Amino acid sequence: MEPPPGLQFAFADAGADPGFVRAHLDAPPGEETVYTRAAGERIASFCFHPGAPKLYFVSGNDNTLWRVDYINGTWYEEFPVYQHQTYVRCVRFVHDEPGQHPEDPTEEWHLFFSEASGAGGDGVIYRIVGRSVETYYTVDLDDVGGFWQGWFGFSPDGTLYLSSGNTTAAKLYRVDEGTVEEVFDPGGAMAGFVFLSDTTLLYTDWGTRIFFLDLEAGEAALVYEDPDLKWISDVDLLPTWWLGG
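These remarks concern the structure in this document.

Quick notes on the rules
- Residues numbered from 1 in each chain as written.
- Predicted model: local features only at pLDDT ≥ 70, side-chain atom pairs only at ≥ 80, totals over all residues.
- Heavy atoms only, no water.
- Helix = DSSP H or I, 4+ residues; strand = E, 2+ residues; numbered from the N terminus.
- Rg over C-alpha atoms; globule rule 2.2 N^0.38 Å.
- Buried < 20%, exposed > 50% of the residue type's maximum accessible area, 1.4 Å probe, protein only.
- Contact = heavy atoms within 4.5 Å.
- Lys, Arg positive; Asp, Glu negative; His and termini not counted.
- Charge placed at Lys NZ, Arg CZ, Asp CG, Glu CD.
- Phe/Tyr/Trp six-rings, centres within 6.5 Å; stacked < 30°, edge-to-face > 60°.
- Lys NZ or Arg CZ within 6 Å of the ring centre and 35° of its normal.
- Core = buried A, V, L, I, M, F, W, Y, C linked by side-chain atoms within 4.5 Å.
- Pairing = 2+ DSSP bridges.
- Axes fitted to C-alpha atoms, helices over the stretch in contact; angles between N-to-C directions.
- Polar contact = N/O pair within 3.5 Å; in protein donor to acceptor, adjacent residues only side chain to side chain.

**Thoughts on the overall build of the protein**
For the protein, the count of helices and strands is one helix and 21 strands. A compact globule built from 245 residues would reach a C-alpha radius of gyration of about 18 Å, and the protein, at 17 Å, matches this within 12%. Along the first, second and third principal axes, the C-alpha set of the protein runs to 45 × 40 × 40 Å. Expressed as a percentage of the 245 residues in the protein, the buried residues total 51%. Within the protein, counting contacts between residues at least 6 apart in sequence, those at least 24 apart form 45% of the total. Averaging the coordinates of the 13 positive side-chain charges in the protein and doing the same for the 39 negative ones gives two points 7 Å apart.

**Some details on the packing of aromatic side chains**
One pass over the full model with this rule turns up 25 aromatic pairs. Ring geometry for Phe 152 versus Phe 154: centroids 6.2 Å apart, planes at 90°, classification edge-to-face. In this structure, Phe 152 and Phe 154 share a single accessibility class: buried. Every member of this aromatic cluster is reached through a ring pair, and the members are Tyr 35, Phe 46, Phe 48, Phe 57, Tyr 70, Trp 75, Trp 241 and Trp 242. Lying over the aromatic face of Phe 20, Arg 22 brings its terminal NZ or CZ to 4.2 Å of the ring centre.

**Digging into the nonpolar core**
Ranked by internal contacts, the top residues of the largest apolar core, which has 22 residues, are Ile 125, Val 144, Trp 148, Phe 152, Leu 160 and Leu 162. Looking at this core, the elements that each hand over two or more residues are strand 12 (132–139), strand 13 (151–154), strand 14 (160–163) and strand 15 (172–176). Core analysis: the next-biggest nonpolar cluster, separate from the first, contains 18 residues, Val 21, Val 34, Phe 57 and Leu 238 among them.

**Points about the environment of Phe 147**
Relative to the assigned elements, Phe 147 resides in the loop between strand 12 and strand 13. Residue Phe 147 is classed as partly exposed on the basis of its relative accessible area, which comes to 23%. As for Phe 147 and His 24, which are separated by 123 residues in sequence, their C-alpha atoms are 31 Å apart.

**Here we look at the sheet that holds strand 9 (residues 91–95)**
Reading across the sheet, the four strands line up as 9-10-11-12 and stay open at both edges, with antiparallel pairing between neighbours. Of all the strands in the sheet, just strand 9 and strand 12 have a single pairing partner and so form its edges. In this sheet, adjacent strand axes meet at a mean angle of 30° when their direction is disregarded. By the bridge criterion, four bridges tie strand 10 (residues 109–115) to strand 11 (residues 123–129) in an arrangement that is antiparallel. Looking at the pairing, Phe 113 lines up with Tyr 126 of strand 11.

**Examining the environment of Glu 31**
Tracing the backbone shows Glu 31 in strand 3 (residues 29–36). Glu 31 gets classed as partly exposed once you look at its relative accessible area, which sits at 39%. C-alpha separation for the pair Glu 31 and Gln 8, spaced 23 residues apart in sequence, amounts to 9.8 Å. Here Glu 31 is in contact with Phe 11, Arg 22, Ala 23, His 24 and Tyr 224, once residues within four sequence places are set aside. Among the polar contacts listed, one links the side chain of Glu 31 to the side chain of Tyr 224, at a separation of 2.5 Å.

Here you go:
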């Protein structure tokens with residue numbers, strides 16, 4: 001299977017110090033650094049705000065969810081958005097209130113994050129509401145093969161998906177009305193992912209590669225590889241505000 005042409009995306013390497021978000025571009029072809037943290041600070045999971053020039057990220061091994069704003073071509077100082085009681089593993093924006101805020105469409109998007117301990121206990125996905133959080137979904141380890149590293153995402157139709165993370169027995173699961181169904185076996189690790197359509201997505205292998213996956217065909221194709229990287233952990237689509245749209 002051939003991946004679609006012209007794929008553009010951003011990715012992070014959880015093993016990189018300093019942490020970075022890097023863009024893989026089709027036009028002009030090549031790579032471009034989007035953001036780099038200070039030395040000693042890592043990025044494991046990240047997401048762009050689709051409607052505003054903001055980048056959110058977590059290191060994967062601390063309790064803080066961070067944000068940095070991009071204004072007039074300059075990244076401003078990063079600052080903590082939320083301090084959790086345990087490690088924050090994955091962060092995602094979700095368009096879960098379309099049309100409900102005509103005065104400010106950016107308010108239609110909400111930030112979600114996860115906590116997880118691998119095989120140590122059930123995980124939780126939270127939704128940030130104002131200055132507090134509410135539990136969105138509890139991941140029962142019995143439903144996901146006994147291991148979940150916190151990786152999650154939503155298809156454009158709002159369906160929740162879970163990926164196992166850094167384990168050779170990783171799977172991709174779909175959560176449909178509370179029922180958890182295995183939908184893909186990558187044959188290795190599967191960490192961060194982002195949907196391109198309701199049935200196609202990009203995912204990272206917690207190594208040196210990013211894949212395109214067609215769920216209907218049940219097939220994956222390599223779209224990116226860099227042997228100089230350590231743990232490609234997350235991927236997101238490049239927002240129009242970064243691409244100049």
